[in-house]
Structures are given as structure tokens and as C-alpha cells.
Amino acid sequence: MCNRWHLPLVKGSFLALIVSVSGASFVLNSQQAAAQQQAKSTFPDVPQNYWARPFIKSLAEKDIVTGYPNGMFKPKQKVDRDEFAAMIRQAFDKAKIRNIPSGSSFKDVPQGNWAAPPVEEAYETGFMKDFPGNEFRPQQPLTKVQALVALMKGLDLNYDRPVAASQGAARVAASQGAAPVAPTNQRRKATRNRLVFPLASTVLMQPLLPVISTKQQQQPKAAKTVPATTTKSPVATSKISALEFLKSYYKDADLIPKNAVDAVAAATQANIVVNYPDARVLNPNELLSRGSATALIHQALVNQKQIEPLSDKNAVKYIPKTPRP
């Protein structure tokens, strides 16, 4: 006959077994999830020392960029307009600001084409432009400067012209140990933008003393107090042009197309530009690679506060954050 007092022990052992199995299953699932996360952000053709690997890994972990079915990322492969549109769609969630001119689709990107949704969205949110004849030209390779222009348009970022002094007063004051003073209406810009040169003024104090005639024998009269005079040296100010600003950052700034100068200046101010192998060489007209495209989009997401900036020193050294020496 079964002893009923043994039942609690059996139930306890059974519950312990269930908890043990559940715990093991949870650990196993967590390990599998971590392995899958690691697998989707690790590509055989993106080695540990590849310059763009931190950017690629960061966005791959967030499913913003993906590899090919064979597991490769192909970081050096050139990016066409349709692929860049797909990357933009995956990265940003922007409101629609316009419609396709035809009202439905581009002539060269018909409905049913894999690129139709991202192309339409990239155009309608203001990132990418169209061409005459209701064309998008999806297979056209994209240059680096074209990608920067697209990002600036879609994110609505503009070049904020810093103020520069036309005289060397600020430098003179600094060399003499005086603290340069920015005009009241420019102090806000001076604290926000590293390239603002504060204005300095020289104040000359000349107290004028009364002259007492020695020929007169009467009691001297009290001296009159004459207000001190203040003289300020005129310092004219001017806005730094976008091209002048870019020349302070890049050795090849003159190669930037004129219609893209303001956009590249805005991207530079926003720390979106990434230049490999030399942070001071933009190479604006080179064809955009998947590695470079990923780096630019990563920095754009950082600017929009959608992701955290990289802490990898080997990666961030390609982001020009200050004027070159």
C-alpha cells in the first residue's frame, strides 16, 4: 500500500526537476541567442583589424545592416543608389514630406521590384533625389559626397557659419594673457561652436588732471573730476564660408563639388564624416563602399541620438572632429 507521507517528497523532487530543467533551458536559450547575435554581427570578410569593423558590428547587431546569404558582408563592394536607399530605410524613421512625381512609382523601379519600397521611402522622406523623366536610377553607383548630401537633406542639417575676427586682436589678447571677450549677441555661438573666434577690445584709461597755475597766490581750488575716456579698437567680424571651413579640415577640400560644399560642411560639424585611411583626406568623389556607407550612417544615427557613439579609439580616429593643425 502506498504511503501518503511519501507524496510531498515525490512532489518536491518533481518540482525541483522542473526548475532545474527550466533553468538549464533558459541558460541554453540565452547562450543560443548570444551566439546568434554574435553570428549576425561577425563576417568572415570583416577581420578584427578592418577599419570599419566597429561601425559594421554596431549596426549589424541592431539589424540595420546585414550580410549576404553566403555570410559575407563585402565591405569593399560599391554601393548603388537602391542599396543606399535600403540602408536609409532600415536606419531612420522619418515622416513623409513629398510624393513621387508620378504618384505611384518611378519608371525604372516598378512595383514588385525588391527596391521599390526603400526607394520610394528614401525619396518621399527627403533623403534622395529623383532624375528627369520620373527616374530614380537605382543601379547608379553612389559617390561619398552624394551620400553625405543625401543624409544632410533627409536629416535637415545645415551648415552653421562660425564667426571669425578680421583682425588679430583676439590672438594678441591671448598672447598677453588677457581673456578674449565675445560680444553679447555672439556668446551663445562661441560656447556651441569650437571655431568661433571671440572678439577682443583694448580699453585705454586716461585720467585727465587739472593744471594749477603757480602764478596765482590764492588758495588752490578743488580739482574737477573728469570722466575717464574709453577707447575701443574696431574689430570687424565676418562669417566663415563653408569652403573656408572645409579647408581648415581637409587637404582636398577643393575637390568637393560646389553644390555639395554646404552639405559636407554641415556633415563635418555634425561629426558624421568618416575618412579612411587619413581623417584629413575626404576623397569626396570616390565611389562609396559598403564599409564607408555603414560608417556614415552609424555617425548619422549618433548625431540623432538613436545610438551611442563608439568607444573604439582605432575607429573614432577617422572622424575629423577638430580643424587640422
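Residues numbered from 1 in each chain as written. Predicted model: local features only at pLDDT ≥ 70, side-chain atom pairs only at ≥ 80, totals over all residues. Heavy atoms only, no water.

### Let's talk about the nonpolar core
Applicable threshold: What is meant by a nonpolar core is a set of buried Ala, Val, Leu, Ile, Met, Phe, Trp, Tyr and Cys residues, joined one to another through side-chain atoms within 4.5 Å. For each residue, the accessible area found with a 1.4 Å probe, counting protein chains only, is set against the maximum for its type, and the residue is called buried under 20%, exposed over 50%, and partly exposed in between. Under the scheme used here, helices are H or I runs from DSSP no shorter than 4 residues and strands are E runs no shorter than 2 residues, and both carry numbers assigned from the N terminus. The contact definition used throughout considers only heavy atoms, calling two residues in contact when any of these lie within 4.5 Å.
Within the largest apolar cluster, 74 residues are counted, with the highest numbers of intra-cluster contacts made by Phe84, Phe92, Met128, Leu246, Ile256 and Val264. When contributions to this core are tallied by element, the ones reaching two or more residues are helix H2 (53-61), helix H3 (81-91), helix H4 (116-124), helix H5 (144-155), helix H8 (242-247), helix H9 (261-269) and helix H10 (290-303). Element by element, the count of residues in this core is highest for H5, at 8 residues. Discounting chain neighbours no more than four positions away, the residues touching Leu246 are Ala253, Ile256, Val261, Val264, Ala265 and Thr268.

### Observations regarding H3
Each turn of an α-helix holds 3.6 residues, which means side chains three or four residues apart point in the same direction. Along H3, 8 of the 11 residues are buried, which leaves the element largely enclosed by surrounding structure. Buried residues of H3: Arg81, Asp82, Glu83, Phe84, Ala85, Met87, Ile88 and Ala91, and no others. Lining the buried residues of H3 we find H4, H5 and H10.

### Side note on H2
With 7 of 9 residues buried, H2 is to be regarded as a mostly interior element. If you check which residues of H2 are buried, you get Arg53, Pro54, Phe55, Ile56, Ser58, Leu59 and Ala60. Just downstream of H2, Asp63 is the residue with a positive phi angle, here 60 degrees.

### Some words on the pattern of salt bridges
Counted only if it meets this: By convention in these notes, a salt bridge is any Lys or Arg side-chain nitrogen within 4 Å of a carboxyl oxygen on Asp or Glu.
Across all of its chains, the model carries 8 salt bridges by this definition. Between Glu61 and Lys57 there is a salt bridge whose closest N-O contact spans 2.5 Å. Remark: Lys57 and Glu61 occur in helix H2; sequence separation between them is 4 residues, near one turn of the helix. On the basis of relative accessibility, which here comes to 27%, the residue Glu61 falls in the partly exposed class. A salt bridge links Glu135 to Lys107; the nearest nitrogen and oxygen atoms lie 3.8 Å apart. Residue Glu135 is found in the loop between H4 and H5, and its partner Lys107 is found in the loop between H3 and H4; the two are separated by 28 residues along the sequence. Since its relative accessible area comes to 23%, Glu135 is described here as partly exposed. With a relative accessible area of 56%, Lys107 lands in the exposed category. In the salt-bridge network here, residues are joined through shared partners; they are Lys107, Glu135 and Arg137.

### Focus on the packing of H2 against H10
Stated formally: For helices, the fitted line uses only the C-alpha atoms of the stretch in contact; every axis is such a line through C-alpha atoms, and the angle between N-to-C directions lies from 0 to 180 degrees. Throughout this description, any angle smaller than 35 degrees is read as roughly parallel, any larger than 145 degrees as roughly antiparallel, any in the 65 to 115 degree range as roughly perpendicular, and the remainder as oblique. Definitions for this section: a left-handed crossing has its near helix turned counterclockwise from the far helix by less than a right angle. A right-handed crossing has that turn clockwise. Amino acid classes used here: Ala, Val, Leu, Ile, Met, Phe, Trp, Tyr, Cys and Pro are nonpolar; Asp, Glu, Lys and Arg are charged; the rest, including Gly, are polar.
Axis separation between H2 and H10 bottoms out at 9 Å; the angle between their running directions is 65 degrees. Taken together, the axes of H2 and H10 are roughly perpendicular relative to one another. Note that H2 runs across H10; the crossing there is left-handed. Contacts between H2 and H10 pair Phe55, Ile56, Ser58 and Leu59 from the former with Gly291, Thr294, Ala295, Ile297, His298, Gln299 and Leu301 from the latter. Tallied by class, the residues present in the contact of H2 with H10 amount to 6 nonpolar, 5 polar and no charged.

### A word on the packing of aromatic side chains
What counts is decided by this rule: The pairing test for Phe, Tyr and Trp rings, Trp by its six-membered ring, is centres within 6.5 Å, and the orientation test on the planes gives stacked under 30 degrees, edge-to-face over 60, and tilted for anything in between. In this analysis the charged atom, NZ for Lys or CZ for Arg, is taken to sit over a ring once it is within 6 Å of the ring centre and within 35 degrees of the ring normal.
Here the structure, examined in full by the defined rule, presents 12 aromatic pairs. When the centroid spacing of 4.9 Å and the interplanar angle of 40 degrees are considered together, the rings of Phe245 and Tyr249 count as tilted. Like Tyr249, Phe245 is buried. Cluster of aromatic residues (ring-pair linked, three or more members): Tyr50, Trp51, Phe55, Tyr276 and Tyr318. Positioned above the aromatic ring of Tyr68, the side-chain terminus of Lys74 is 4.4 Å from the ring centre. Between the NZ or CZ atom of Arg98 and the centre of the ring of Tyr123, over which it lies, the distance is 4.0 Å.

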